[in-house]
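In case you want the letters, here they are:
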Amino acid sequence: MQVNNNNEFQPLIVAFCCNWCSYAGADLSGTNRLNYPTNVKIIRVPCSCRVNPMFILRAFQRGADGVILCGCHPGDCHYTSGNYFTRRRMTLLFSMLDFLGIERDRTRVEWVSAAEGAKFAATMNEFTEAVRKLGPNRRLEDLRCRKQ
Amino acid sequence: MQRIGVFVCHCGTNIAATVDVKAVAEALGHEPGVVISQDYQYMCSESGQNLIKDAVKEHSLTGIVVCSCSPRMHENTFRKAAAAAGLNPYLVEIANIREQCSWIHKEIATATEKAVILGRAAVAKVHLNAPLTAGESPVVKRALVIGGGIAGIQTALDIAEAGFEVDIVEKEPTIGGKMAQIDKTFPTLDCAACILTPKMVECAQNDKITIHSFSEIADVKGFVGNFTVTIKKKARFVDETKCTGCGLCTEKCPMKKVPNEFNMGLDNRTAVYIPFAQAVPKVAAIDPNYCLMLKNGKCGVCSKVCSVGAIDYKQTDKFVEEKYGAIVVATGFNPIKIDKYEEFAYNQSPDVVTSLELERLMNAAGPNGGTLLRPSDKKHPHTIVFVQCVGSRCEDEKGKPYCSKICCMYTAKHAMLIREKYPDTEVYVFYIDVRTPGKNFDEFYRRAVEQYGVHYIKGMVGKVTPKSDGKLDVQAADLLANEQLHIDADMVVLAAAIEPDKSARPLATMLTTQMDTNDFFTEAHPKLRPVESATAGIFLSGACQGPKDIPETVAQASAAAAKAIGLLCKNSITCNPCVASSDELMCNGCSSCEKVCPYGAITYIDKEFRMPDKTTRIRRVASVNPAVCQGCGACTVACPSGAMDLSGFSNSQIMAEVDAICK
């Protein structure tokens, strides 16, 4: 969580992007100069199925306000079936987070292909706004991890 | 203790204009383990790379972070530079501060802050990078070309020329594709068949080329250098090895009312047929939807007249498995269906035709033997209206957003040919823009207007109404004269947009290659790698990648062949060393990882372990075959004991990145 000069809440968004579709989609939105907020920080993974639910929880523990996971469209996975695993795992994780009282809008899975630079930028704009509205993540942040 | 070097690139002003690169270098210099942090104009330039090489030697670096463009761009460049300086190439990490920072953000302060965070994450990750050594895997010296149009034919010929075996898989009974249906080609007006058929024959005669006609791809397994492909050879009810292509069966077949797809359904063929005279292979096929013998069990004329006994009503689909080192996709295009454009009355009048139908109507081997006659009453048309951009450059759901690229030129060609052959015929062309970029293209279009007197009118046709006297009332706007026009036309020709072949989408799924939103295959890099897909070993040829005319298609086909040959020349290729591995001490042999592996790279072995009390115990543990593993990481998450990890993207590395970003 950060607060800028105008005292406006700046959410910290961690985006996991698969190397083949979404990371390329993010690159394309860069090449096309399609803006999205600086709040979004991308971590490259080979496939969305590489993202362990643990990574997402860790991000929340360390103070992220929203985590988004992007992969290839179902059926288009570079590794044939990776994103199907992602879909199932994240359904489970998100329902668990729901049970814990974490707002659904803090987490999202989105399919972005290498050609969808515009969709990537739009998704990031939308997601950042959604998280901004929710305010800081207080429930999952571990205050002991916060930098003094 | 790690000794890390950080190098921040200005990329001219691409990065430096929005990111304070000096501040980034300064901030990252204070990160733990960083011994040198500098910025430079162009890190990818030779002097930039030398900067890295010198620093590795001077400061005995154990890890490198380059803050620059996307790793998809220059990761390899910097890995090679590291290797040249004696550092393991996998100890290099890239922080993407161009595509994912400077190019999308405007404010210098926040963009710089983000660049520092991205750099920090890369430093945190490189702390945990392990030196990796890439293994090698052999290359099967045989190529597969999917699609037998001009793109596939050219690619196959070029690969065969280099001395490699190549198979063409074509879904129709003959190779040739769309070009075989075309009458003349622009801008030279030479006969399409005359330049295509020698190439088709060359394919058949080349002993390096095997043609699987009337076949489809059923399954693709494996990876670059080592694909296993299952080809479905559809039942054609004629023994390919026996049929001589004499055509007697087609003459005698009593079922003569089958729409002839080669002539766009403008005339009929028989149930047993050879698509056209120059078909390769010249082998008949029986259409099971119309054959009386296959439908009702009564007839058998073709089998009686066949002197070599090639007819086989009991033939079934056959599956053959072949191994290939490289695959070239050349699935081509189709004109879109224009039934939904009701305003053009395509379904109401046979005299409204598409351009490809016009090609057949004008072709000597077409339904009218080359004389242009109206399909409705077989009379000579005196007024012909061409409508451009039907479904192209279209914002709504019905059409395609892109320009189909070839329509302007083939319409000019049609108009010119008609005016040349029938000077009494008036030709009108309605256009949005006339696009003629290409060698001799604009000269060609101007000839159509100036020399042949074709009426080009800027504007769109609003409505075509069939009239009781058999004519078509064409209602249109002339945008330049700003007036409404009514033309009494004998024929209307629609330049339908082109779209990728329907077989492309399921094929892309099998090949795990990417497609754009219009189902054209996506190239690895739009400028620098235009004939490669992002999936190693899969190359793109022709209109499956985007709309193209014949010269461009042939150029791309040869380029794809060159890339495939480059791969096939190698005896072995370097494997990706970022593969999974299991910690045998932690693995409990539960099989979770084996079940999720899409490549079958994980097997279980019984291994002897020495216990603390000095006894030995045999336990079942997972073992990953690094040559087969592609490094997706599905197993790492499935593993309940945390034994499975992925080199290059390990749990601790990703965790370190998360921590660095969230700090």
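Residues numbered from 1 in each chain as written. Chains lettered and ligands numbered in written order. Predicted model: local features only at pLDDT ≥ 70, side-chain atom pairs only at ≥ 80, totals over all residues.

This brings us to the overall build of chain A. Within chain A, the regular secondary structure consists of 4 helices and 6 strands. In chain A, the succession of α and β elements from N to C terminus is β-β-β-α-β-α-β-α-β-α. In terms of C-alpha radius of gyration, chain A reaches 15 Å, essentially the compact-globule figure of 15 Å for 148 residues. Across its three principal directions, the C-alpha atoms of chain A cover 40 × 35 × 25 Å. Relative to its full complement of 148 residues, chain A shows a buried share of 58%. Long-range pairs, those at least 24 residues apart, make up 80% of the contacts in chain A between residues at least 6 apart in sequence. (Helix = DSSP H or I, 4+ residues; strand = E, 2+ residues; numbered from the N terminus. Rg over C-alpha atoms; globule rule 2.2 N^0.38 Å. Buried ≥ 20, exposed ≤ 12 C-beta atoms within 10 Å, placed from the backbone. Contact = placed C-beta atoms within 7 Å.)

Moving on: the interface of chain B and chain A. Taken together, the contact pairs 42 residues of chain B with 45 residues of chain A. Breaking the side of chain B that touches chain A down by element, the ones donating at least two residues are α4 (98-102), α5 (108-126), α17 (634-638) and α18 (651-662) of chain B. No other element matches the 8 residues that α18(B) contributes to the side of chain B that touches chain A. Looking at the side of chain B that touches chain A residue by residue, the classes come out as 19 nonpolar, 15 polar and 8 charged. (Nonpolar A, V, L, I, M, F, W, Y, C, P; charged D, E, K, R; others polar.)

The subject of this paragraph is the sheet that holds strand β2 (residues 34-40) of chain B. Residue and element names in this part refer to chain B. Read across the open sheet, the 4 strands follow the order β2-β1-β3-β4; overall the sheet is parallel. What marks the edges here is a single partner per strand, and that holds for β2 and β4 (92-96). Across the sheet, the axes of successive neighbouring strands diverge by a mean angle of 15°, strand direction being ignored. Bridging between strand β3 (residues 63-68) and β4 involves 5 bridges; their strand directions are parallel. Bridge pairing in β4 places serine 68 opposite asparagine 96. The strands that α5 touches are β1 (4-9), β2, β3 and β4; relative to β4, the one it contacts most, it runs at about 160°. (Pairing = 2+ DSSP bridges. Axes fitted to C-alpha atoms, helices over the stretch in contact; angles between N-to-C directions.)

We now examine the environment of Ser22(A). Residue and element names in this part refer to chain A. Mapped onto the fold, serine 22 is located in helix α1 (residues 22-31). Owing to 31 C-beta atoms within 10 Å, serine 22 belongs among the buried residues under this scheme. Sequence separation of serine 22 and arginine 146 is 124 residues, and the distance between their C-alpha atoms is 30 Å. The contact partners of serine 22, leaving out residues within four places of it in the chain, are Cys17, Cys70, Gly71, Val112 and Phe120.

Here is the key point about a regular strand: its side chains alternate between the two faces of the sheet. All names here are of chain B. By the criterion of burial, strand β6 (residues 142-146) is predominantly enclosed, with 4 of the 5 residues buried. Bridging between β6 and strand β7 (residues 165-169) involves 5 bridges; their strand directions are parallel. Paired with leucine 144 across the bridge in β7 is aspartate 167. Following the backbone out of β6, through helix α6 (residues 150-161) and into the adjacent parallel β7, one traces a crossover that is right-handed. Summarising the sheet, β6 and strand β18 (residues 326-329) pair through 4 bridges and their orientation is parallel. Among the inter-strand pairings, valine 145 is bridged to a residue of β18, identified as valine 328. (Right-handed = clockwise from strand over helix to strand, strands pointing away.)

General note: in soluble globular proteins, nonpolar side chains tend to be found buried as a group. Residues and elements named next belong to chain B. Ranked by size, the top nonpolar core spans 131 residues in total, and within it Ala143, Val328, Val492 and Leu494 carry the most contacts. The element best represented in this core is helix α12 (residues 407-421), accounting for 9 residues. Excluding anything up to four places from it in sequence, alanine 143 contacts Ile159, Phe164, Val166, Tyr324, Gly325, Ala326, Val328, Ala564 and Leu568. (Core = buried A, V, L, I, M, F, W, Y, C linked by C-beta atoms within 7 Å.)

Working note: α-helix, 3.6 residues per turn, so residues spaced by three or four point in the same direction. All names here are of chain B. With respect to burial, helix α11 (residues 355-362) is a largely interior element, 6 of its 8 residues being buried. What α11 keeps buried is the set Ser355, Glu357, Leu358, Glu359, Arg360 and Leu361. The elements touched by buried residues of α11 are β20 (352-354), α12 and β27 (491-496).

In a beta sheet, neighbouring strands are held together by backbone hydrogen bonds and run either parallel or antiparallel to one another. Residues and elements named next belong to chain A. Strand order in this open sheet of 4 strands is β4-β3-β5-β6, and the pairing throughout is parallel. Where the open sheet ends on each side, the last strands, each with one partner, are β4 (40-45) and β6 (107-111). The average angle at which neighbouring strand axes cross in this sheet is 20°, direction not considered.

Turning our eyes to something else, we now look at the confidence of the model for chain B. Residue and element names in this part refer to chain B. Predicted confidence across chain B gives a mean pLDDT of 94, with 100% of residues reaching 70 or more. Mean pLDDT in chain B bottoms out at strand β29 (residues 523-525), which sits at 86, and peaks at β6, which reaches 98. Among the prediction metrics, the complex's ipTM stands at 0.96, with pTM recorded as 0.85. (pLDDT = per-residue confidence, 0-100.)

Let's shift gears to helix α7 (residues 192-205) of chain B. Residue and element names in this part refer to chain B. An ideal rise of 1.5 Å per residue puts 20 Å on 14 residues; α7 measures up with 20 Å between its terminal C-alpha atoms. Looking only at α7, the buried set comprises Ala192, Ala193, Leu196, Met200 and Cys203. Buried residues in α7, looked at end-on, bunch into an arc of 90°, giving them a common side. Residues of α7 that are exposed and angled more than 90 degrees away from the buried face: Cys194, Pro198 and Gln205. The inward-facing, buried residues of α7 abut α6, β7, β8 (184-185), β9 (190-191) and β10 (209-212). (Expected span 1.5 Å × (residues − 1). Arc of directions from axis to C-beta.)

All names here are of chain B. Backbone torsion omega between phenylalanine 186 and proline 187 reads -5°, so that peptide bond is classified as cis. For proline 187, the position within the fold is in the loop between β8 and β9. Here the bond from valine 280 into proline 281 is cis, since omega is -5°, no more than 30 degrees from zero. With respect to the helices and strands, proline 281 occurs in the loop between β15 (272-273) and β16 (285-286). If you check the backbone angles, cysteine 11 has positive phi at about 50° while not being a glycine. Tracing the chain through its elements places cysteine 11 in the loop between β1 and α1 (21-29). Judged by the 22 C-beta atoms lying within 10 Å of it, cysteine 11 falls in the buried class.

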